[in-house]
Amino acid sequence: AGFAGIAQAETSVTLYGIIDGGVGYNQLKGSTSSVTGVDADGKPLQLNNPWSNKRPDSFKNKRTGLISGIQSGSRWGLKGTEDLGNGLRAVFVLESGFDIGTGKSLQDGRLFGRQATLGLAGDSWGQLDFGRQTNIASKYLPGVMDPFNAGFAQANAGASLSAQNTARYDNMIMYQTPNFSGFQFGVGYSFNVNDKQQGERTLNGVKEKTDKHAITTGLRYVNGPIGAALSYDQFKDRQGRVALGNGSNNNGIWAENDVTVKAWAAAFSYDFEVVKLHLGGGQTRDGMFAIEQSYFNKSADSFLPAFTGLKGTRINSYVAGLSAPVGAGNVMASWQMA
């Protein structure tokens, strides 16, 4: 009789997904003098002296062909909930991203690279999730700051604000409050933001840590025509890059050391019904979070590999956009700069 009672508890599992693709033309051009190139794993081949008078290296990449994931990244997933009684629910999400052109898994080949979480939820106190998931900035800011709402590849604001570029943290514990009249708060801590935890090793009495611990937090308000959001993210790269020397005395020589990378952002939106205004901006200091992956090759067009510290990096980001309903869809446009 006891087993029968358990079996009757309210349980649901949903199989879901999106397949998104087409044919398109892409072009990316610019110049760089701080990083001359990256290897197959996205690691810089050479860090030049940023203060030198070296002429920048220009590049131009273009491609016409099949594109996977434009409005939304292609994915499939499983999500479920089980009623534990007294308003408490067990929840899980397993979500896998893939490329329809090759059939390969995205997110560096992870099976459930988009999300892999197990949690507890309650209507009165919120939700607690464990596992790989997007940070608070990527949850709270895009819908307010960005008319493209984290979609449409390089068109979205994540191209300029790496901490909200659908940044996924491994090994994370995250808590989010319920929605209180439009307000919601979230905070999370990652034991290692990118890859499995290594822990602490002691060799000949010397302690060594390599895990990139991270925190993410934010607040949003969405009620009626008004939307607003704030976020703050931070991780420590224990093998970050630090210049040896100052100014022109650096001579392109770098060392590995602890570098704390920080980012904050703010966003505001107002819906006038005929058109919706989106505004936002932020700062990133001493490194990069989730880089924009171009259509050309992994990390080839980025300043730094994802989740890398580079002491002295200073990035100011600005976004302004408009969206207007047209028939059953929307026309969207934005301007951004980093």
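Because the structure is predicted, anything quoted here is derived from the model rather than measured.

Conventions adopted
Residues numbered from 1 in each chain as written. Predicted model: local features only at pLDDT ≥ 70, side-chain atom pairs only at ≥ 80, totals over all residues. Heavy atoms only, no water. Helix = DSSP H or I, 4+ residues; strand = E, 2+ residues; numbered from the N terminus. Areas by Shrake-Rupley, 256 points an atom, 1.4 Å probe, with all protein chains shown as cover. Salt bridge = Lys/Arg side-chain N within 4 Å of Asp/Glu carboxyl O. Buried < 20%, exposed > 50% of the residue type's maximum accessible area, 1.4 Å probe, protein only. Core = buried A, V, L, I, M, F, W, Y, C linked by side-chain atoms within 4.5 Å. Contact = heavy atoms within 4.5 Å. Phe/Tyr/Trp six-rings, centres within 6.5 Å; stacked < 30°, edge-to-face > 60°. Lys NZ or Arg CZ within 6 Å of the ring centre and 35° of its normal. Pairing = 2+ DSSP bridges. Lys, Arg positive; Asp, Glu negative; His and termini not counted.

Caption draft 1: Quick look at the overall build of the protein. Helix and strand counts for the protein stand at 3 helices and 17 strands. Of the roughly 18200 Å² of accessible surface on the protein, a fraction of 54% belongs to carbon and sulfur atoms.

Caption draft 2: Fine view of the pattern of salt bridges. Summed over the entire model, instances satisfying the criterion amount to 10 salt bridges. A salt bridge links Glu 95 to Arg 75; the shortest N-O distance between them is 3.9 Å. With Glu 95 in strand 5 (residues 88–97) and Arg 75 in strand 4 (residues 75–85), this residue pair connects regions lying 20 residues apart in the sequence. Across this residue pair, the class does not change: Glu 95 and Arg 75 are buried. Glu 200 is the salt-bridge partner of Lys 207, the closest N and O atoms lying 4.0 Å from each other. Overall, Lys 207 belongs to the exposed group, its relative accessible area being 62%. Taken together, the shared-partner salt bridges connect Asp 108, Arg 110, Arg 132 and Asp 170 into one network.

Caption draft 3: Main features of the nonpolar core. One finds Leu 141, Met 145, Leu 161, Tyr 169, Phe 235, Phe 289 and Phe 307 to be the most contacted residues of the largest nonpolar core, which totals 25 residues. Apart from the residues within four sequence positions on either side, Met 145 is in contact with Ala 157, Leu 161, Gln 164, Ala 265, Ala 266, Ala 267, His 278, Leu 279, Gly 280, Gly 281 and Val 319.

Caption draft 4: Representation of the packing of aromatic side chains within the structure. As enumerated under the stated definition, the model contains 8 aromatic pairs in all. Residues Tyr 270 and Phe 272 carry aromatic rings whose centres are separated by 4.7 Å and whose planes lie at 55° to one another, so their mutual orientation is tilted. With a relative accessible area of 29%, Tyr 270 lands in the partly exposed category. It is Lys 79 that lies over the ring of Tyr 16; its NZ or CZ is 5.1 Å from the centre.

Caption draft 5: Looking closely at the side chain of Gln 164. Relative to the helices and strands, Gln 164 resides in the loop between helix 3 (142–145) and strand 8 (168–176). Filtering out sequence-adjacent residues up to four positions away, Gln 164 remains in contact with Ala 137, Ser 138, Leu 141, Pro 142, Met 145, Ala 157 and Gly 158.

Caption draft 6: Up close: the environment of Val 259. One can find Val 259 in strand 14 (residues 254–271). The spacing of Val 259 and Gly 312 is 53 residues in sequence and 9.7 Å in space, taken between C-alpha atoms. With near-sequence residues (within four places) excluded, Val 259 lies in contact with Phe 235, Lys 236, Asp 237, Gly 240, Arg 241, Val 242, Asp 286, Gly 309, Leu 310 and Lys 311.

Caption draft 7: Geometry of the pairing of strand 13 (residues 226–243). Pairing between strand 12 (residues 214–223) and strand 13: 10 bridges, direction antiparallel. Residue pairing in the sheet places Ala 214 in a bridge with Phe 235 of strand 13. With antiparallel pairing between neighbouring strands as the criterion, strand 12 and strand 13 make up a hairpin whose turn holds 2 residues, including Gly 224 at a positive phi of roughly 65°.

Caption draft 8: Layout of the side chain of Arg 168. With respect to the secondary-structure elements, Arg 168 resides in strand 8. An unpaired buried charge is present at Arg 168: no salt bridge exists, and Glu 95, the closest side chain of opposite charge, is 5.3 Å distant. When residues no more than four places from it in sequence are discounted, the contact partners of Arg 168 are Gln 107, Gly 113, Arg 114, Arg 132, Gln 133, Thr 134, Val 193 and Phe 307.

Caption draft 9: Up close: the environment of Ala 167. Residue position: Ala 167 is located in the loop between helix 3 and strand 8. Beyond its immediate chain neighbours, meaning those up to four positions away, Ala 167 contacts Gln 133, Thr 134, Asn 135, Ser 138, Ser 162 and Ala 290.

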